[in-house]
Each structure stands twice: as structure tokens, then as C-alpha cells.
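# Breakdown of the fold
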Amino acid sequence: MIIADRKPFDEIMSMLAPYRDILVLGCNECVTVCAVGGAKEVAILASQIRLRRTKDRISSEVHEKTIERQCDIEYLEELKDTIGGYDAVLSLACGCGVQFLGERYTDVLVLPGVNTTFMGVTERHGLWTERCQGCGNCVLHRTMGICPVTRCAKSIFNGPCGGSSEGRCEIDKDTPCAWHLIIERYKKKGMMDMYMEIVSPKDWSTARDGGPRKRQREDMEI
Amino acid sequence: MTAQGNLKRVLQSGAFAVTAECGPPRGADPDMIRIKAKILKGYVDSVNVTDNQTAVVRMSSFASCVILKDMGIDPVMQMVCRDRNRIAIQSDVLGASALGIKNILCLSGDHQRFGDHKGAKNVFDIDSLQLIQCIRDMRDEGRFLSGEEVKGRPDIFIGCVENPFADPFEIRAMRLAKKAAAGAQFCQTQCIFNIEKFERWMEMVRGLGVHEKVSIIAGITPLKSVGMANYMKRNVPGMDVPDKLIDRLRGTPKEKAPEEGISICVETIDRLKGIKGVCGIHIMAIGWEEIIPEIVKSAGLYPRP
Ligand code: SF4
Ligand code: SF4
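Residues numbered from 1 in each chain as written. Chains lettered and ligands numbered in written order. Predicted model: local features only at pLDDT ≥ 70, side-chain atom pairs only at ≥ 80, totals over all residues. Heavy atoms only, no water.

## Things to note about the overall build of chain B
Scanning chain B from terminus to terminus reveals 11 helices and 8 strands. Here chain B has a C-alpha radius of gyration of 19 Å; the compact-globule value for 305 residues is 19 Å, and the two agree. Each principal axis of the C-alpha distribution contributes one length, and for chain B these read about 60 × 45 × 45 Å. Buried residues in chain B amount to 59% of all 305 residues. Considering only contacts within chain B whose residues lie at least 6 apart along the sequence, 78% involve residues at least 24 apart. When the accessible area of chain B is evaluated, it comes to approximately 12300 Å², of which 51% is carbon and sulfur surface. In chain B, the 42 positive side-chain charges and the 37 negative ones have mean positions that sit 1 Å from each other. (Helix = DSSP H or I, 4+ residues; strand = E, 2+ residues; numbered from the N terminus. Rg over C-alpha atoms; globule rule 2.2 N^0.38 Å. Buried < 20%, exposed > 50% of the residue type's maximum accessible area, 1.4 Å probe, protein only. Contact = heavy atoms within 4.5 Å. Areas by Shrake-Rupley, 256 points an atom, 1.4 Å probe, with all protein chains shown as cover. Lys, Arg positive; Asp, Glu negative; His and termini not counted. Charge placed at Lys NZ, Arg CZ, Asp CG, Glu CD.)

## Considerations on the overall build of chain A
Scanning chain A from N- to C-terminus turns up 8 helices and 9 strands. Its C-alpha radius of gyration of 22 Å places chain A more than 25% over the 17 Å reference for a compact globule of 222 residues. The principal-axis extents of the C-alpha atoms in chain A amount to approximately 70 × 45 × 25 Å. Here chain A holds 222 residues, and the buried ones make up 40% of them. At a minimum sequence separation of 6, the contacts of chain A that also span at least 24 residues come to 59%. Accessible surface for chain A amounts to roughly 12400 Å². Of this, 51% is attributable to carbon and sulfur atoms. Here chain A carries 30 positive and 32 negative side-chain charges, and the mean point of each set is 5 Å from the other.

## What about the pairing of strand β7 (residues 215–220) of chain B?
Residue and element names in this part refer to chain B. Most of β7 is tucked away: 6 of the 6 residues are buried. Burial along β7 is two-sided: S215, I217 and G219 facing one way and I216, A218 and I220 facing the other are all buried. Read as a crossover between parallel neighbours, the route from strand β6 (residues 186–191) over helix α7 (residues 195–207) to β7 is right-handed. (Right-handed = clockwise from strand over helix to strand, strands pointing away.)

## Considerations on the domain arrangement of chain A
For chain A, the domain assignment lists domain 1 (2–118) and domain 2 (135–208). One C-alpha centre belongs to domain 1 of chain A, the other to domain 2 of chain A; they are set 38 Å apart. (Domains from an automatic or database assignment.)

## Digging into the site of ligand 2
All residues adjacent to ligand 2 are A:R151, A:C152, A:A153, A:K154, A:P160, A:C161, A:S164, A:C169, A:E170, A:C177, A:A178 and A:W179. Residue classes in the shell around ligand 2 are distributed as 8 nonpolar, 1 polar and 3 charged. (Near = heavy atom within 4 Å. Nonpolar A, V, L, I, M, F, W, Y, C, P; charged D, E, K, R; others polar.)

## Some remarks on the sheet that holds strand β3 (residues 75–80) of chain B
All names here are of chain B. Spatial ordering of the closed barrel is given by β1-β2-β3-β4-β5-β6-β7-β8, a layout of 8 strands whose pairing is parallel. Across the sheet, the axes of successive neighbouring strands diverge by a mean angle of 30 degrees, strand direction being ignored. Sheet strands touched by helix α10 (residues 257–273): β7 and β8 (278–283). Its angle to β7, the strand with the most contacts, is close to 160 degrees. (Pairing = 2+ DSSP bridges. Axes fitted to C-alpha atoms, helices over the stretch in contact; angles between N-to-C directions.)

## Some words on the interface of chain B and chain A
Counting residues at the interface gives 32 residues for chain B, matched by 30 residues for chain A. Carbon and sulfur atoms make up 56% of the surface buried where chain B meets chain A, a total of about 2500 Å² over both sides. Of all residues in chain B, the largest losses of buried area upon contact with chain A belong to B:Q130, B:D167 and B:K178, amounting jointly to 22% of the total for that side. For the salt bridge of A:K187 with B:E170, the shortest nitrogen-to-oxygen distance reads 2.1 Å. Our enumeration of links across chain B and chain A arrives at 20 residue pairs in polar contact (both at pLDDT 80 or more). (Buried area = accessible area lost by both parts, 1.4 Å probe. Salt bridge = Lys/Arg side-chain N within 4 Å of Asp/Glu carboxyl O. Polar contact = N/O pair within 3.5 Å; in protein donor to acceptor, adjacent residues only side chain to side chain.)

## Brief notes about the packing of α7(B) against α10(B)
The description of two helices packed together rests on the angle between their axes and the distance between the axes. Residue and element names in this part refer to chain B. Taken N-terminus to C-terminus, the directions of α7 and α10 make an angle of 20 degrees; their axes are 11 Å apart at the nearest point. Taken together, the axes of α7 and α10 are roughly parallel relative to one another. Of the two elements, α7 crosses α10, and the hand of that crossing is right-handed. In this structure, α7 uses I195, E196, F198 and E199 to contact α10, whose residues at the interface are T268, R271 and L272. Within the contact of α7 with α10, the residues separate by chemical class into 3 nonpolar, 1 polar and 3 charged. (Parallel < 35°, antiparallel > 145°, perpendicular 65-115°, else oblique. Left-handed = near helix turned anticlockwise from the far one by under 90°.)

## Focus: the packing of helix α5 (residues 128–141) of chain B against helix α6 (residues 172–182) of chain B
Residue and element names in this part refer to chain B. At their nearest, the axes of α5 and α6 sit 8 Å apart, and the two run at 25 degrees to each other. Here α5 is positioned roughly parallel relative to α6, judged by the angle of their axes. Classified by chirality, the crossing of α6 by α5 is right-handed. Between α5 and α6, the residues in contact are S128, L129, I132, Q133 and R136 and R175, K178, K179, A181 and A182, respectively. Taken together, the residues that form the contact of α5 with α6 break down as 4 nonpolar, 2 polar and 4 charged.

## Notes on the pattern of salt bridges
Taken as a whole and assessed by the stated rule, the structure comprises 37 salt bridges over all chains. For the salt bridge of A:K7 with A:E11, the shortest nitrogen-to-oxygen distance reads 2.9 Å. Classification of A:K7 by relative accessible area gives buried; the value is 11%. You can call A:E11 partly exposed: its relative accessible area is 34%. Of the charged contacts, one joins B:K233 and B:D243 as a salt bridge, the two residues approaching to 3.1 Å between their closest N and O atoms.

See the structure below:
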């Protein structure tokens, strides 16, 4: 899923400064699971904003709503009668949701309430870590299920580099070295000969480097 | 093809090679390079110029190498994958060869997290192994990575690095074998302080027969003080400085520490000379280049062939 972080409160307040009527809009998918933009977080943030504005003697209306998905045109429809009535919408969805909402309602000012960080997993309660960068040509079958693009700080395909130490990446002691993990698995499965294969340069055109990506399935179009 | 570089000549003659590293300045003054190079001239067979080492901006390795070349020194241009994509890399390989640079050392490059531009975007389009292969194919096959033809092949002696002290230890010789298969002709290692471990690594290297394909040049760094030894141990990734070495420096009066550092260095070189498959030494006297002539002389490696 997509992981995000709440923007610092002061940054949000300065973004909202010119606007009186505000809608804080949550999303019920990824950002709910990573506890940053669901109904609960919408309620908390909305009351924080109200409190601060009351304290600062600023007259203001802060509304709350959470929809199923902000990245899906179908769910954005339910906002069509109300959304025009606010000065700004603070979206707690990921960057996709923020943009898509603004595309659907071009007259509405949509502001980001979170920093979208990565595609990852919930390792345990309160800990999310990155796993995939959507390179568009998955190599996990060659790297024992560990992504070298994402989990190696240098996206090395013939690792590990000379900075790998005691299973940790050179960038910091809390980050596992992806190549250490890959080699451990090669060894366990008796597949070290796979390690000796030289992997050729990757074609990055399927990744972000090829420009904005699109997937179209004509058989699904109505 | 033009005449071969000095480093290649020395290695092929079977003589014990001596190379040194020169860190370029953090400014545009070419004399900073010339001053360091003048000290080294005649004492070493070639001089490496680092490529924005530890991700700190310095004069480019390419330009510094041209300055060295003009002084009659055979430069080794270090090239990292951190800052350039395959387009820029191949273009620099052509340019370097055109200006008479004969040696390129291929590295991944330290992550920008260590440097002075932590907010930089990194590239890592290809990795160091792919870089080795890329230069070899440009030279031997006359092909760019795209498969297009190179008109006027670059004449490059291809180097790589390996760190016998990084983990997992058991793959470090295999990784050098991979680099040899990709086209590496010489290898300069990480600084050796833990010589026993280096010997174990060399045993594995010989076991794979890699020493017959790649000229292995052992890395040496003179320790100026106990503080420097501690710093290297704690802060430089993949550096193995044994406690007994630190204790030896600690037991030396402060003003005698540099002398002791040189003795350690010369003892290490003596031991390295006896290891089968070691073809030379690479001296990385970080910020202490002026000591290199003395080390070379004390180690009985002067005059140079
Ligand atoms: S190889 Fe590409 S698609 Fe597969 S996990 Fe890594 S980034 Fe994602
Ligand atoms: S230490 Fe491991 S994960 Fe970190 S950059 Fe090097 S190979 Fe990649």
C-alpha cells in the first residue's frame, strides 16, 4: 500500500491561512491503514485546526468528511453538490488522491495535508517500510524476492557494494543491506551460481524515467 | 592504438607496482593538484584521482587527470555510478580516452548521505560491474550499451575496487571473480589494516584463480595518529581497523605517532610483497600525500622501474 506522513501542523496552518471555510477530506484506503488520513485522523486534525483558530481569534468553519477512495472517479462523485461551498479542501489522501480530486473539481482549491512517502508494508504496529518503486519490470524472481531497486540504497544489480557491513547498509545501521539478504537466501536455497551471473544494465524506460506511465485495457473499457 | 600507459607497462613487466591516490581540491585552483603531483612524481607508477569521494564536491576527476597527464604522470581516472547515467558515463569514457587518459577505475560511489549535498538526487543507472562491462564492450567490441557502433574505440585499462573487509566475507572473492569476468584488468583494494583477514581473502581469490586474470594492488593507508585510526574504524563504512593496531598507536608518544604510522605501513608492505597474487600497492595517504616518497623509499620500492 501507499504510505504517507502527516505534514507538520504549522505547515498546514500556514497553507490554510488565507482560507476561512475548509473541508478536511479523508480517504478510507491506504492512508487509513497507515493511520494518517482516515476518518479518525480527519477528526483529530479538524479539531486541532479549530482550536488553533479559536485561540488566534480567527473566524473559521472547518468541516470533516471521509470518502472511500480519492483516487477513483466513482467515489469523487458524491462530493459534487457540496464541494463548491468551501474556500479550500485539505486532502489527507496520498498525492494521487489530492491530484485526482483537483482534476475532477477544477474550481476547487485542493491542498495536500500529508507527505506521500512510499509503497510499502506494515512490518508491525507503527512501523512501515518500503518494498517497491514500481520499476515496471519486476526482477524479484532473480533476487530471491528481495527488491534491489528499492531496498539497496544504490539500486545495485550486482551487489553488494563495499559498504555492506554485518548485514547493514552503509547509509545507516538501521537499514538492512538488501544484497546481504539476497545472498543469505541464495545460500539457503543452494543457488549461489545465480549470484555469479552478471546482470546487464536495466532498461529503466518502464520506470519513472520513461515519463508518466499509463496502463490501458481496452477489454475493460465500457 | 596508442602507446600503453605506465601502470599497465609496470604490471605487465612483472614489477611490483606502486600507485597513489590524490584527492582533488574543493576549488578551481589547478596548482593544488600540481603541488601534490610534484611530490609523487617519480615515486609512483600512476596516480588515482578520486571522483567526488564521500560525495563531497571537488574538482572533477576528469579535469584533474588531464592536469596530471600534462605533467607526465599516468593518471587513473576514478568514475562512480552515483552522479552520471549511462549517457554521461560513455561520453566521459570517450573524452578521457581522447585526452590520453589510459586508466579508469570503476566504482559504485559512496552514497550522497555521507557528503555535503545530502539533498542531491542520485543516479545509479548502472552499477560498477555494469560499468566495467560497458567500457570493455566499447573498447573490445566497439559497441555502446545501446548496441550502436563506437567509431574510434577508447583505449582504456580497466580497473575495479574490492573491499575484502566488507560483508558477507565469503562472497568478496567471488565478487572480484565477477568483476574479472566483466572485464576488470586491475583491482585496487580497500585499505588493509587487518592483514590476516586480507590473507584469507587472497587465499579465496587464488582458489578461484582470479589473481591470474586481475592484477591485485593492495590498498595501504598510513595512520598519522590514534585519532585518525579511531575515526576510520568508527566512521568509514567497510573499514576494518583491528584494536591491536589502535593500541600500538596509543602506546606511542603523540609526537612519535606519525613515525609509528609509517613503520606500520612499511611492515604491512613487506608482508604484502610476500603474498602470492599481490602485484603492487596503492597508497591512499588521505591528506598526508607528502609522506608517500618516504614510505616508498623505506619499503625498498624506489627507484621505480
Ligand atoms: S523489481 Fe521493480 S517492480 Fe519488482 S519490487 Fe522492485 S521496484 Fe517493484
Ligand atoms: S550496503 Fe548493501 S544495500 Fe547498501 S548500498 Fe551497498 S549493496 Fe546496497
